[in-house]
Amino acid sequence: MNRTIRAAVCSVAVTGLAFGLSSCSEAVDQVDKAVDETYEVTYEVTGKNIDSIEFHGGGGKAMEPKIESVSKPELPWKKTVTLRGIMPAAVMPVAADPEGSQITCKIIHKGKVLEEQSADGLVTAGGCTAESPITG
């Protein structure tokens, strides 16, 4: 009797382990797919007296994106980039002008505004950051 119970418990444990490994494997496959998948966003910046714009341009690693920069951008400024996986979309216009400045930034994905922010003042840093639509 003891041997029968032990065999049944071992059978249930092995079956549970097999199901656990298959669901774990599925989760790993989903993460791998999400990391390799790409998406496009368009950054838009408007305002006045903006000195520079920094943004995630698609290079680097998902959690350590390469930051690109544009000095003295012509406004309105627009840039479409391809990002990968869980990399967040981010754009940060910066202004320092004694006459004051105004900044509005947007992040757009497939026609939908993911994030929009505005700021104004003597020294202004307005930024937009949006979660990857792949993480959904």
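Quantities reported herein were computed from a predicted structural model and do not represent experimental measurements.

By the definition in use, this model includes two aromatic pairs. Taken together, the ring pairs in this structure connect Tyr43, Phe55 and Trp77 into an aromatic cluster.

With that settled, consider the environment of Thr129. Mapped onto the fold, Thr129 is located in strand 7 (residues 128-130). Exposure remark for Thr129: the relative accessible area of 53% places this residue in the exposed category. Expressed as a C-alpha distance, the spacing of Thr129 and Cys105, which sit 24 residues apart in the sequence, is 9.8 Å. In this structure, Thr129 is in contact with Pro88, Ala89, Ala90, Ile107 and Glu115, ignoring residues within four places of it in sequence.

On average, residues of the chain carry a pLDDT of 79, and 71% of them reach 70 or more. Here residues 1-22 is modelled with pLDDT under 50, and outside its nearest four sequence neighbours on either side it reaches zero contacts, counting other chains as well.

Quick look at the side chain of His109 now. Mapped onto the elements of the fold, His109 is located in strand 5 (residues 89-109). His109 sits in the buried class, given a relative accessible area of 13%. A polar side-chain atom of His109 sits 2.9 Å from the main-chain carbonyl oxygen of Glu40. Aside from chain neighbours lying at most four places away, what touches His109 is Tyr39, Glu40, Val41, Leu114 and Pro133.

Counting residues in each nonpolar core, the largest one holds 19 residues, and the members touching the most others are Val41, Tyr43, Leu83, Ala89, Val91 and Ile107. Of all the secondary-structure elements, those providing two or more residues to this core are strand 1 (38-48), strand 2 (52-61), strand 4 (77-84), strand 5 and strand 7. Here this core gets six residues from one element, more than from any other, and that element is strand 5. Beyond its immediate sequence surroundings of up to four residues, Val91 is in contact with Tyr43, Val45, Ile53, Glu54, Phe55, Trp77, Cys105, Lys106, Ile107, Gly126, Gly127 and Cys128.

By secondary structure assignment, the location of Tyr43 is in strand 1. The class for Tyr43 is buried, based on a relative accessible area of 0%. Along the backbone, Tyr43 and Phe55 are 12 residues apart, and their C-alpha atoms lie at a distance of 8.4 Å. Apart from the residues lying within four places of it in its own chain, the contact partners of Tyr43 are Phe55, His56, Trp77, Lys78, Lys79, Val81, Leu83, Ala89, Ala90, Val91, Lys106 and Ile107. A polar contact is formed between the side chain of Tyr43 and the backbone oxygen of His56, at a distance of 2.8 Å. There is a polar contact of 3.2 Å between the side chain of Tyr43 and the backbone nitrogen of Ala90.

Conventions adopted
- Residues numbered from 1 in each chain as written.
- Predicted model: local features only at pLDDT ≥ 70, side-chain atom pairs only at ≥ 80, totals over all residues.
- Heavy atoms only, no water.
- Phe/Tyr/Trp six-rings, centres within 6.5 Å; stacked < 30°, edge-to-face > 60°.
- Helix = DSSP H or I, 4+ residues; strand = E, 2+ residues; numbered from the N terminus.
- Buried < 20%, exposed > 50% of the residue type's maximum accessible area, 1.4 Å probe, protein only.
- Contact = heavy atoms within 4.5 Å.
- pLDDT = per-residue confidence, 0-100.
- Polar contact = N/O pair within 3.5 Å; in protein donor to acceptor, adjacent residues only side chain to side chain.
- Core = buried A, V, L, I, M, F, W, Y, C linked by side-chain atoms within 4.5 Å.

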